[in-house]
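Spelled out from the first residue to the last, the chains are:
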Amino acid sequence: MKKDDLKLPKTYKTILILGLVFGPFFWLAFTEDGQRRTDLALMFILNKPEFNAALDAFSSDLTEAKLRETFPKLELHCADGENPFGDRICGAEIGTFNQIPASSVTLFFQGDRLSATKVNYRHAYHAIVQDWLNQRVAARESSPLSASVVDGAQGVIAKRVQDGVLIVREGALAKADEPALIWLSQAAIDVRH
């Protein structure tokens with residue numbers, strides 16, 4: 001065996017090094033999964049709290065105290081006053097919602113009971129939120145939801161859950177559309193109808 005038999009050609013080494021250097025950068029910058037993971041890492045670095053909540057299991061039995069206990073890292077800012085779903089509203093900045101980059105969560109209370117929750121996520125992750133919703137409630141869905149449950153239900157995906165409904169805009173979002181996932185308790189739906 002000659003000493004030169006194990007030597008790699010210079011072109012091959014150059015291509016291999018370029019691939020090792022630029023491959024991960026390309027994945028992080030130009031693929032959907034890479035961009036999502038980059039955003040998640042950035043939210044961690046910026047110390048934005050996670051909101052890993054099973055919205056499909058939320059119920060109007062939840063109280064503000066229980067939510068504060070369950071999510072102690074959320075810096076909830078609350079105010080009393082009439083709102084579309086009750087008489088008290090709390091909000092907090094978040095970094096992620098169930099490993100999806102997000103910006104804020106808003107909790108609506110009627111008395112001391114949770115009546116609705118709104119999670120604002122990043123515009124680019126709307127399709128991922130739609131997939132999350134469809135996968136999350138697919139096994140639980142027992143009956144179709146009538147359009148009358150949600151005012152102006154056209155253009156939204158509304159899925160019945162344990163206590164109420166989860167709602168997200170259907171299809172692609174326009175730039176002016178707010179990217180939000182909303183949980184409404186059955187009590188909030190009953191009050192509105």
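Coordinates for the structure precede this section.
No experiment lies behind these values; they were computed from the predicted model shown.

Novice: Can you help me understand the side chain of Thr106 in this one?
Specialist: Here Thr106 shows up in strand S5 (residues 100-110). Thr106 gets classed as buried once you look at its relative accessible area, which sits at 15%. Among all residues touching Thr106, those that are not within four sequence positions of it are Ile89, Cys90, Gly91, Ala116, Thr117 and Lys118.

Novice: What exactly am I supposed to notice about unusual backbone geometry here?
Specialist: For residues besides glycine, phi is generally negative; the peptide bonds are generally trans as well. The backbone phi angle of Asn98 is positive, close to 50 degrees, even though this residue is not glycine. Relative to the helices and strands, Asn98 resides in the loop between strand S4 (96-97) and S5. Although it is not a glycine, Gln99 adopts a positive phi angle of roughly 65 degrees. Mapping Gln99 onto the fold places it in the loop between S4 and S5.

Novice: What is the right way to look at the pairing of strand S8 (residues 164-169) in this model?
Specialist: Across a regular strand the side chains alternate sides, sitting on one face of the sheet and then on the other. Along S8, five of the six residues are buried, which leaves the element largely enclosed by surrounding structure. Note that strand S7 (residues 156-161) and S8 share six bridges and pair antiparallel. Following the sheet pairing, Ile157 is matched in S8 by Val168. Between S7 and S8, which pair antiparallel in sequence order, lie two residues. Pairing of S8 with strand S9 (residues 180-184) involves four bridges; the strand directions are antiparallel. Along S9, the bridge assignment pairs Val168 with Leu181.

Novice: Would you explain the side chain of Asn98 in this entry?
Specialist: The exposure class of Asn98 is buried, given its relative accessible area of 19%. Ignoring any residue separated from it by four or fewer positions in sequence, one finds Asn98 in contact with Phe51, Asn52, Ala53 and Trp132.

Novice: When you look at the packing of aromatic side chains in this model, what are you seeing that I'm missing?
Specialist: How two aromatic rings sit relative to each other is given by the distance of their centres and the angle of their planes. The final tally for this structure, using the stated rule, is five aromatic pairs. Arranged with centres 4.8 Å apart and planes meeting at 50 degrees, the rings of Phe51 and Phe71 form a pair that is tilted. With Phe51 in strand S1 (residues 50-51) and Phe71 in the loop between helix H3 (64-70) and strand S2 (77-83), this pair connects stretches of sequence that are 20 residues apart. The buried category is assigned to Phe51, whose relative accessible area is 1%. In this structure Phe71 comes out as buried when scored by relative accessible area, which is 11%.

What counts, and at which threshold
- Residues numbered from 1 in each chain as written.
- Predicted model: local features only at pLDDT ≥ 70, side-chain atom pairs only at ≥ 80, totals over all residues.
- Heavy atoms only, no water.
- Helix = DSSP H or I, 4+ residues; strand = E, 2+ residues; numbered from the N terminus.
- Buried < 20%, exposed > 50% of the residue type's maximum accessible area, 1.4 Å probe, protein only.
- Contact = heavy atoms within 4.5 Å.
- Pairing = 2+ DSSP bridges.
- Phe/Tyr/Trp six-rings, centres within 6.5 Å; stacked < 30°, edge-to-face > 60°.

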